[in-house]
Amino acid sequence: MTSPSRRSFLIGGAAAGSTGLALGSWALRESPPGHAGVPGTGPAQRHDGGHHGGGASGATFRKDAVVDHERNGFNPTETLRDFDYGRTSALPGGRTLREWDVYAADEEIEVAPGVRFPAWTLNSRIPGPTLRCREGELLRVHFTNGSAHPHTLHFHGIHPAEMDGVPGIGRGIIEPGERFTYEFDATPFGLHLFHCHVGPLAEHIARGMYGTFIVDPPQPRPPADELVMVMHGYNTTFDGEGNQLYAVNGIPFHYMVEPVRVRRNQLVRIYLVNVLEYDPINSFHVHGNFFEYFPTGTRLQPTEFTDTIVQGQGQRGICELRFPHNGQYMFHAHKTEFADLGWMGLFEVSE
């Protein structure tokens, strides 16, 4: 059932809260130049008698309306394949030391055309960086809190209590202007995440303080076109009652405007992470295909061959698939409300 705060956003295009959300009547748009085949019905129109939803071809933003990625400082198309391997050096005995710099900041992000969201970011983007390493390495994450709010970094994985990034244990809260280095071993291998763990926890996560943490196994996985997809949402009314927008990698509907381009028959590996706040579950569904699923990525054998997977907050998994046919294939949350509010995109398959 759609909550009142979300329903008003869908139907009227009226302002919602201080961010002034106004997406008109969720009008359909023509395919923009250079993106032939993006769903649309030509001139903007409605087919649902004025109720929520975007018509026969689904919801999108207003015709020709796009987000200013340059102003935001990040582009979800680049986020897909942006793996941060940090800096490496050799310790006595030959073990690899890997280090990163992560900083928190308060930044205004355009999350929909003309809609500004007061975000709390990690390395000036939503989601934060994708930190990548190999099992057995020693890791050091140098965290600087440039925000006006207290924060921590909490990594999923195995580490000492004093490195857990929670208030009251070890270093605890990192106050504005302070710096701290988290140090721990890279274990276990798999797909993990990190996020702020300061209360109110829901708000810190919902504002954007999360990133992906990949620990590769000692023996590399088979070569693939590797993609990171972080599922999340935006509670633009700040009422804690649900989200008005849903997205993968920062911007709703982005991959409808800029489809994810992959090669036919090439192995595609998706690192899928759910950090959605204020909703109990999220899901991922791909059209016209099935994928092998590796929960948490901590085993090298898949547990399922499917086209839809459900994840609770903090759950993650690796999806591997090949596209045997050329063309455009939709992917989205298999929760209609989430898809209609931005969580949908296209794979574009070619030779």
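Placed above this text is the structure.
Procedures and definitions
Residues numbered from 1 in each chain as written. Predicted model: local features only at pLDDT ≥ 70, side-chain atom pairs only at ≥ 80, totals over all residues. Heavy atoms only, no water. Helix = DSSP H or I, 4+ residues; strand = E, 2+ residues; numbered from the N terminus. Contact = heavy atoms within 4.5 Å. Areas by Shrake-Rupley, 256 points an atom, 1.4 Å probe, with all protein chains shown as cover. Buried < 20%, exposed > 50% of the residue type's maximum accessible area, 1.4 Å probe, protein only. Pairing = 2+ DSSP bridges. Salt bridge = Lys/Arg side-chain N within 4 Å of Asp/Glu carboxyl O. Core = buried A, V, L, I, M, F, W, Y, C linked by side-chain atoms within 4.5 Å. Phe/Tyr/Trp six-rings, centres within 6.5 Å; stacked < 30°, edge-to-face > 60°. Axes fitted to C-alpha atoms, helices over the stretch in contact; angles between N-to-C directions.

Participant: Would you mind going over the overall build of the protein with me for this structure?
Facilitator: Counting its secondary structure elements, the protein contains 6 helices and 20 strands. For the protein, the proportion of contacts with a sequence separation of at least 24, taken over those separated by at least 6, is 71%. When the accessible surface of the protein is split by element, carbon and sulfur atoms take 53% of a total near 13,800 Å².

Participant: Could you clarify how one ought to interpret the pairing of strand β11 (residues 245-248) in this entry?
Facilitator: When a strand is regular, its side chains alternate between the sheet's two faces. Going residue by residue along β11, you find L245 and A247 tucked away on one face and Y246 and V248 tucked away on the opposite face as well. By the bridge criterion, 4 bridges tie strand β10 (residues 225-234) to β11 in an arrangement that is antiparallel. Opposite H232, over in β11, you have A247 as the bridge partner.

Participant: Got a minute to help me understand the pattern of salt bridges in this structure?
Facilitator: Two side chains bearing opposite charge may form a pair once their charged atoms approach each other closely. Tallying each qualifying case throughout the model produces 17 salt bridges. For R179, the salt bridge is made with D101, and the minimal N-O distance between the two is 4.0 Å. With a gap of 78 residues between them, R179 in strand β7 (residues 179-185) and D101 in strand β2 (residues 96-112) connect regions that are remote in the sequence. The salt bridge involving R140 is made with E183; its shortest N-O contact spans 2.6 Å. Here the residue R140 occupies a position in strand β5 (residues 138-145), and E183 occupies one in strand β7, the gap between them amounting to 43 residues. Here R140 falls in the partly exposed class, since its relative accessible area comes to 24%. Where salt bridges share partners, they join R132, D216, E226, R269 and E320 into one cluster.

Participant: How should I be thinking about the nonpolar core in this particular structure?
Facilitator: Soluble, globular proteins show a tendency: their nonpolar side chains are buried together. If you look at the biggest cluster of nonpolar residues, it comprises 33 residues, and the most contacted ones within it are V111, I126, Y234 and Y271. Among the secondary structure elements, those contributing two or more residues to this core are β2, β3 (115-122), β8 (190-195), β9 (210-216), β10, β11, β13 (268-274) and β20 (344-350). With residues up to four places along the chain from it excluded, the contact list for Y234 reads V111, F117, I126, N243, Q244, L245, A247, G250 and P252. Ranked by size, the runner-up nonpolar core spans 29 residues in total, among them M231, V268, F284 and L341.

Participant: Sorry, what's going on with the packing of aromatic side chains here?
Facilitator: Tallying each qualifying case throughout the model produces 20 aromatic pairs. Seen from their ring centres, F61 and F253 are 5.0 Å apart, and the 90 degrees between their planes marks the pair as edge-to-face. With F61 in the loop between α1 (4-11) and α2 (69-72) and F253 in the loop between β11 and α5 (254-257), this pair connects stretches of sequence that are 192 residues apart. A single burial state applies to F61 and to F253, both of which are buried. These aromatic residues form a ring-pair network of at least three members: Y255, F284, F291, Y293, F323, Y329, F331, W343 and F347.

Participant: What is the right way to read the sheet that holds strand β19 (residues 327-332) from this model?
Facilitator: Sheet strands line up and pair through hydrogen bonds in the backbone, either parallel or antiparallel. Spatially, the 5 strands line up as an open sheet ordered β12-β20-β19-β14-β17, and their pairing is mixed. Each of the sheet's edge strands pairs with one partner strand only, and the pair in question is β12 (260-263) and β17 (308-312). Direction aside, neighbouring strands of the sheet carry axes that sit 25 degrees apart on average. The sheet contact formed by strand β14 (residues 281-286) and β17 spans 5 bridges and is antiparallel. Its bridge partner being in β17, S283 is matched across the sheet by V310.

Participant: Can you walk me through unusual backbone geometry in this structure?
Facilitator: A negative phi angle characterises most non-glycine residues, just as the trans form characterises most peptide bonds. Between I126 and P127 the backbone carries a cis peptide bond, its omega angle lying at -10 degrees. Structurally, the position occupied by P127 is in the loop between β3 and β4 (130-134). A cis amide bond, omega -5 degrees, links G199 with the succeeding residue P200. Checked against the element boundaries, P200 lands in the loop between β8 and α4 (201-206). Even without being glycine, N249 reaches a positive phi, approximately 60 degrees. Within the secondary structure, N249 sits in the loop between β11 and α5. Judged by its relative accessible area of 0%, N249 is buried.

Participant: Just to check I follow, could you spell out the sheet that holds β10 for this structure?
Facilitator: The strand order β11-β10-β13-β18-β15-β16 describes an open sheet built from 6 strands, whose pairing is mixed. Either end of the sheet is taken by a strand with one partner, and the two such strands are β11 and β16 (304-306). In this sheet, neighbouring strand axes are inclined to one another by 25 degrees on average, regardless of whether the strands run parallel or antiparallel. Of the pairings in the sheet, the one linking β13 to strand β18 (residues 316-321) comprises 6 bridges and is antiparallel in character. Bridge pairing links V268 to L321 in β18.

Participant: Whenever I open this one, the environment of E258 confuses me. Can you help?
Facilitator: With respect to the element layout, E258 can be found in the loop between α5 and β12. Separated by 89 residues in sequence, E258 and F347 place their C-alpha atoms 9.3 Å apart.

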